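# Results of the structural survey
This is what each chain is made of:
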Amino acid sequence: MNKLIKKLNDFNELVMFKHSIFSLPFIFIAMVVAANGWFGFKLFVLGILAALTARNFAMGFNRFMDRDIDALNPRTINRPNVDGRISASSMFIFVLLNALGFILVAYFVNDLALYLSIPILIVIGSYSYFKRFSYLAHVILGISLGLAPIAGVVAVSETIPFWAVLLSIGVMFWVAGFDLLYSLQDIEVDKKLGLHSIPSKFGVEKTMKISKIFHALTVIFWLLFVIVSGSSYFAYLAVILSAMMLSYEHYLVNKDFKKIDKAFFTVNGYLGIMFFILIVLDNIFF
């Protein structure tokens, strides 16, 4: 039993399960807006399963493909995919099972979700390759998480309305923006290993400016989402608070690079939860 618990903890560390907080709120935001409220227990369960299997696939595939790179980075050398706690064959099986799980969940959602399941897996898996030849890998990561609202609205309405596209583009710039800040930790390693990233290509100062531009675009697209979706006061408040939290994130990183983790995990985690709660309140009262 202890061995099983330890192995589960190793897989939890492998995929960094707590990072699910970034995608889950925006799946449910799209579902709430599409349904004008509660979308049903069935879709609630299927939405969670879809988010978890997709993310487990993406993170597992990334760790599987990056074993060689992670072994050369002091920040990642103690990860389970590097130190032998999880074998390559175990990671491959884990990735395959989660891919099949995601497709199966999509089957139970609706036909459009099923048709989109494999293209979505291809997109979210491609991030692992991009940093080997393009500094736009940050944007690919943003697109991967930006698919979450699309998946949410497809589950409810089997369509992709314009407001969902705006919400997704906002998520894309949000994720790409904070990934740029997070990637500052690996700037020297990326240069040494010949990996492509915006920090290694443009330097720290320009990277932080690009991140600020991305987050400004985030606020703009989320504001457009609120307008086009016909949302009300609480939704506008969500956008205002998001702008304030993103500004605080940049303040933390500008002040001290050692606070990148706090900016990455804490601020962005609370942002997603706050946005979701306010959208729910908006649908309850307006």
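Residues numbered from 1 in each chain as written. Predicted model: local features only at pLDDT ≥ 70, side-chain atom pairs only at ≥ 80, totals over all residues. Heavy atoms only, no water.

### A closer look at the side chain of Asp-179
Position of Asp-179 among the secondary structure elements: in helix H8 (residues 162-183). For Asp-179, the contacting residues outside a window of four places in its chain are Tyr-127, His-138 and Leu-141. (Helix = DSSP H or I, 4+ residues; strand = E, 2+ residues; numbered from the N terminus. Contact = heavy atoms within 4.5 Å.)

### Things to note about H8
Under the 1.5 Å per step criterion, the end-to-end length of H8 is 31 Å for 22 residues, consistent within 8% with the ideal 32 Å. Counting buried positions over the 22 residues of H8 gives 19, a clear majority of the element. (Expected span 1.5 Å × (residues − 1). Buried < 20%, exposed > 50% of the residue type's maximum accessible area, 1.4 Å probe, protein only.)

### Examining the pattern of salt bridges
Going through the model one piece at a time under the given rule, you end up with 5 salt bridges. The shortest N-O distance in the salt bridge between Asp-66 and Arg-132 comes to 3.0 Å. Taken together, the residues span a long stretch of sequence, with Asp-66 in the loop between helix H3 (41-65) and helix H4 (67-70) and Arg-132 in the loop between helix H6 (111-130) and helix H7 (137-157) at a distance of 66 residues. For the salt bridge of Arg-79 with Asp-70, the shortest nitrogen-to-oxygen distance reads 3.4 Å. Judged by its relative accessible area of 5%, Asp-70 falls in the buried class. Each of Asp-66, Lys-131 and Arg-132 takes part in a single network of salt bridges with overlapping partners. (Salt bridge = Lys/Arg side-chain N within 4 Å of Asp/Glu carboxyl O.)

### Thoughts on the packing of H3 against H6
Between H3 and H6, the shortest axis-to-axis distance is 9 Å and the interhelical angle comes to 25°. With respect to each other, H3 and H6 are oriented roughly parallel. For the crossing formed where H3 meets H6, the hand is right-handed. Residue-level inspection shows Ala-54, Phe-57, Ala-58, Phe-61, Asn-62 and Met-65 of H3 in contact with H6, the latter providing Leu-121, Ile-124, Gly-125, Tyr-127, Ser-128 and Tyr-129. Of the residues that constitute the contact of H3 with H6, the class distribution is 9 nonpolar, 3 polar and no charged. (Axes fitted to C-alpha atoms, helices over the stretch in contact; angles between N-to-C directions. Parallel < 35°, antiparallel > 145°, perpendicular 65-115°, else oblique. Left-handed = near helix turned anticlockwise from the far one by under 90°. Nonpolar A, V, L, I, M, F, W, Y, C, P; charged D, E, K, R; others polar.)

### Side note on the nonpolar core
If you look at the biggest cluster of nonpolar residues, it comprises 69 residues, and the most contacted ones within it are Phe-26, Trp-174, Trp-222, Phe-225, Leu-271, Phe-275 and Ile-279. Excluding residues that lie within four positions of it along the chain, Phe-26 makes contacts with Pro-149, Leu-167, Val-171, Trp-174, Trp-222, Leu-271, Gly-272 and Phe-275. Listed in part, the 6 residues of the second largest apolar core include Leu-14, Phe-64, Met-91 and Phe-94. (Core = buried A, V, L, I, M, F, W, Y, C linked by side-chain atoms within 4.5 Å.)

### Looking at the packing of aromatic side chains
Evaluation of the coordinates by the stated rule reveals 23 aromatic pairs. Taken together, a centroid distance of 6.0 Å and an interplanar angle of 50° make the contact between Phe-61 and Tyr-129 tilted. Remark: Tyr-129 occurs in helix H6 and Phe-61 occurs in helix H3; sequence separation between them is 68 residues. The class for Phe-61 is buried, based on a relative accessible area of 17%. Measuring from ring centre to ring centre gives 6.2 Å for Phe-64 and Phe-92, while their planes differ by 50°; the resulting arrangement is tilted. Pair noted here: Phe-64 is in helix H3 and Phe-92 is in helix H5 (residues 88-109), with a separation of 28 residues, a long-range link. One aromatic cluster in this structure is built from Phe-28, Trp-38, Phe-39, Phe-41, Phe-44 and Phe-276. Its end group placed over the ring of Phe-64, Arg-67 keeps NZ or CZ at 4.4 Å from the ring centre. Positioned above the aromatic ring of Phe-202 is the side chain of Lys-201, whose terminal nitrogen or guanidinium carbon lies 5.7 Å from the ring centre. (Phe/Tyr/Trp six-rings, centres within 6.5 Å; stacked < 30°, edge-to-face > 60°. Lys NZ or Arg CZ within 6 Å of the ring centre and 35° of its normal.)

### Some points on the environment of Pro-119
Following the sequence through the fold, Pro-119 ends up in helix H6. We classify Pro-119 as partly exposed; its relative accessible area is 39%. Sequence spacing of Pro-119 and Arg-132 is 13 residues, and the spatial spacing of their C-alpha atoms is 21 Å.

### Focus: the UniProt feature "transmembrane region" (unreviewed entry) in the chain
Following the UniProt record, the feature "transmembrane region" (unreviewed entry) maps to residues 21-39, 45-65, 86-106, 112-130, 135-156, 162-182 and 263-281 here. Secondary structure across residues 45-65 divides into 100% helix and 0% strand, with the first and last C-alpha atoms of the span separated by 30 Å. In residues 86-106, helix accounts for 90% and strand for 0%; the two terminal C-alpha atoms are 28 Å from one another. (UniProt positions renumbered as here; feature names shortened; annotations may be inferred.)

### Observations concerning H6
Here H6 spans 30 Å end to end across 20 residues, near enough to the 28 Å set by a 1.5 Å rise per residue. Three or more residues of H6 are buried, namely Ala-113, Ser-117, Ile-120, Leu-121, Ile-124, Gly-125, Ser-126, Tyr-127 and Ser-128. Turning to H6, the residues buried within the fold contact H3, H5, H7 and H8. Taking the backbone nitrogen of Leu-112 as reference, a side-chain oxygen 3.3 Å away marks Asn-110 as the first, capping residue of H6. (Polar contact = N/O pair within 3.5 Å; in protein donor to acceptor, adjacent residues only side chain to side chain.)

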